[in-house]
Amino acid sequence: MDASTVDVAVWNIEADGGRNGERRDFALDLLADLEPDVVLQQEAKCSRERGGQLMHAAEKRLKLRGFLSAPNPDVDADIATAVYLRPEMFHVAEQRPRAKPWWLHPCHVQAQLGDCPMPLNFVSFHMCFFDADQRLTEAGWLTTLAQPGMATIAAGDTNSYPRRSEPVALPNWETVSDRAHMVMRTYVDSFGNRHSDTRPDAALIDAGYVDLARHAADHLGSNGQGALAATAGFDKPHQGGPQRIDRGYTAGGVAAALEHVEVIDNEDTRAVSDHALLLFRFHRTRLERVLAQTQYALCAG
């Protein structure tokens, strides 16, 4: 932990590291080495079981306070999302249970950084994997946290693609053999033509969110080198190969405090998950300046 920064780790830990922790301890070792102040986790599917045993183990190992999304009994599996915060850094103002319109419920925690009067919204989300229209609706909900007077850090698995061209080309759907995956990751326009689903990213950017990896690549020089690397699909050529589907977004001027982005994809992370581990580092003093505003909007209900 570096008191001069606020480090946010984002990771879709495949199947929560296993119901009995088969890969969980190793995942926590990797996270603990980074000493993050915030962890936004996806696929926390087992963390609610046995009285939150896995969540509490993560709290102890990472020295963070954990929160889980609202229970979701109406889907085939209650795949939670999670937010972990450093308690000596953040005062939790409210955890706001979120359900509609999400297929998998996001974890939304509102917290104050030190004595800053303006709260930060932290959202760990996992967008629908099979329905492009549902993902667009979910992105629409996230725009409610980008209204004037709000500051938000939202990150997770978008199951979709960036709108702007990037070093990693979008899949060539003509050559993708998994045709069901092709349908899941595309949408049909009014003329009946299929396109890679970039609409959630477009909605968020148009609403004022900043894609942190893109911001780093464009403005942070060596501190943004590699920020646009693929985050998933490494061993799935039949689904279009590696893509940058895990992304972090901020609203309310928070991106001005960003100083480093890293996509951690190595033998160790791949032993734990089919997704890379993302690290976003913010300069604490600059972030405090952003949050020093005395007027802020209440979260949408």
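This text goes with the structure placed above it.
Let me sum up the structure you'll find in this document.

So, the overall build of the protein
Move 1: When you go through the protein residue by residue, the secondary structure sums to eight helices and 14 strands.
Move 2: By the burial criterion, 55% of the 301 residues in the protein qualify as buried.
Move 3: Here the analysis covers contacts within the protein between residues at least 6 apart in sequence; of these, 73% occur between residues at least 24 apart.
Move 4: Accessible surface computed for the protein: about 12700 Å², of which carbon and sulfur atoms make up 50%.
Move 5: In the protein, the 30 positive side-chain charges and the 41 negative ones have mean positions that sit 3 Å from each other.

Quick notes on the environment of Q147
Move 1: Along the chain, Q147 falls in the loop between α3 (132–142) and β8 (152–157).
Move 2: Residue classification places Q147 among the partly exposed positions, given a relative accessible area of 37%.
Move 3: For the pair Q147 and A207, spaced 60 residues apart in sequence, the C-alpha to C-alpha distance is 8.2 Å.

Thoughts on the pairing of strand β7 (residues 120–126)
Move 1: Extensive coverage of β7 is indicated by the burial of seven of its seven residues.
Move 2: The two faces of β7 match: L120, F122, S124 and H126 on one face and N121, V123 and F125 on the other face are all buried.
Move 3: Pairing analysis gives six bridges linking β7 to β8, with the strands arranged parallel. Paired with S124 across the two strands is A155, which belongs to β8.
Move 4: Considered for its hand, the β-α-β crossover made up of β7, α3 and β8 is right-handed.

What to know about the pattern of salt bridges
Move 1: Taken as a whole and judged by the stated rule, the model has 20 salt bridges.
Move 2: The partner of D7 in a salt bridge is R281, and the shortest N-O contact between them spans 2.9 Å. On the criterion of sequence distance, the pair formed by D7 in strand β1 (residues 5–12) and R281 in strand β14 (residues 277–283) is long-range, its members being 274 residues apart.
Move 3: On the accessibility criterion, D7 (4% relative accessible area) is buried.
Move 4: Residues R214 and E166 are paired through a salt bridge, measuring 3.8 Å at the closest nitrogen-oxygen approach. One end of the pair, R214, is in helix α6 (residues 212–219); the other, E166, is in the loop between β8 and α4 (179–184), and 48 residues separate them in sequence.
Move 5: In this structure R214 comes out as buried when scored by relative accessible area, which is 13%.
Move 6: Because the salt bridges share partners, they merge into one network encompassing R164, E166, D211, R214, D218 and R244.

Here's the deal with helix α2 (residues 49–62)
Move 1: The end-to-end C-alpha distance of α2, which contains 14 residues, comes to 19 Å, matching closely the 20 Å that a straight helix rising 1.5 Å per residue would cover.
Move 2: Along α2, the largest kink reaches about 30° and is centred on H56.
Move 3: Restricting attention to buried positions, one finds in α2 the residues G52, L54, M55, A58, E59 and L62.
Move 4: Tucked into the core, α2 has its buried residues touching α1 (24–34), β2 (38–42), β3 (65–68) and β4 (82–85).
Move 5: Once α2 ends, the next one or two residues include K63, with phi positive near 60°.

Remarks on the sheet that holds strand β5 (residues 90–95)
Move 1: Sheet architecture is open: six strands sit in the order β5-β6-β7-β8-β12-β11, paired in mixed fashion. Each edge of the open sheet carries a strand with a single partner, namely β5 and β11 (210–211).
Move 2: Bridge count between β8 and strand β12 (residues 246–251): six bridges; the pairing is antiparallel. Bridge pairing links D157 to D246 in β12.
Move 3: Here helix α5 (residues 199–206) sits on the sheet in contact with β11 and β12, set at roughly 15° to β12.

Thoughts on the side chain of H260
Move 1: Structurally, H260 can be placed in strand β13 (residues 258–264).
Move 2: Residue classification places H260 among the buried residues on the basis of a relative accessible area of 17%.
Move 3: Separated by 3.4 Å, the side chains of H260 and E262 make a polar contact.
Move 4: The contact partners of H260, leaving out residues within four places of it in the chain, are L220, N223, L279, F280 and R281.

What counts as what
- Residues numbered from 1 in each chain as written.
- Predicted model: local features only at pLDDT ≥ 70, side-chain atom pairs only at ≥ 80, totals over all residues.
- Heavy atoms only, no water.
- Helix = DSSP H or I, 4+ residues; strand = E, 2+ residues; numbered from the N terminus.
- Buried < 20%, exposed > 50% of the residue type's maximum accessible area, 1.4 Å probe, protein only.
- Contact = heavy atoms within 4.5 Å.
- Areas by Shrake-Rupley, 256 points an atom, 1.4 Å probe, with all protein chains shown as cover.
- Lys, Arg positive; Asp, Glu negative; His and termini not counted.
- Charge placed at Lys NZ, Arg CZ, Asp CG, Glu CD.
- Pairing = 2+ DSSP bridges.
- Right-handed = clockwise from strand over helix to strand, strands pointing away.
- Salt bridge = Lys/Arg side-chain N within 4 Å of Asp/Glu carboxyl O.
- Expected span 1.5 Å × (residues − 1).
- Bend = angle between axes of the 7 residues up to and from the residue.
- Axes fitted to C-alpha atoms, helices over the stretch in contact; angles between N-to-C directions.
- Polar contact = N/O pair within 3.5 Å; in protein donor to acceptor, adjacent residues only side chain to side chain.

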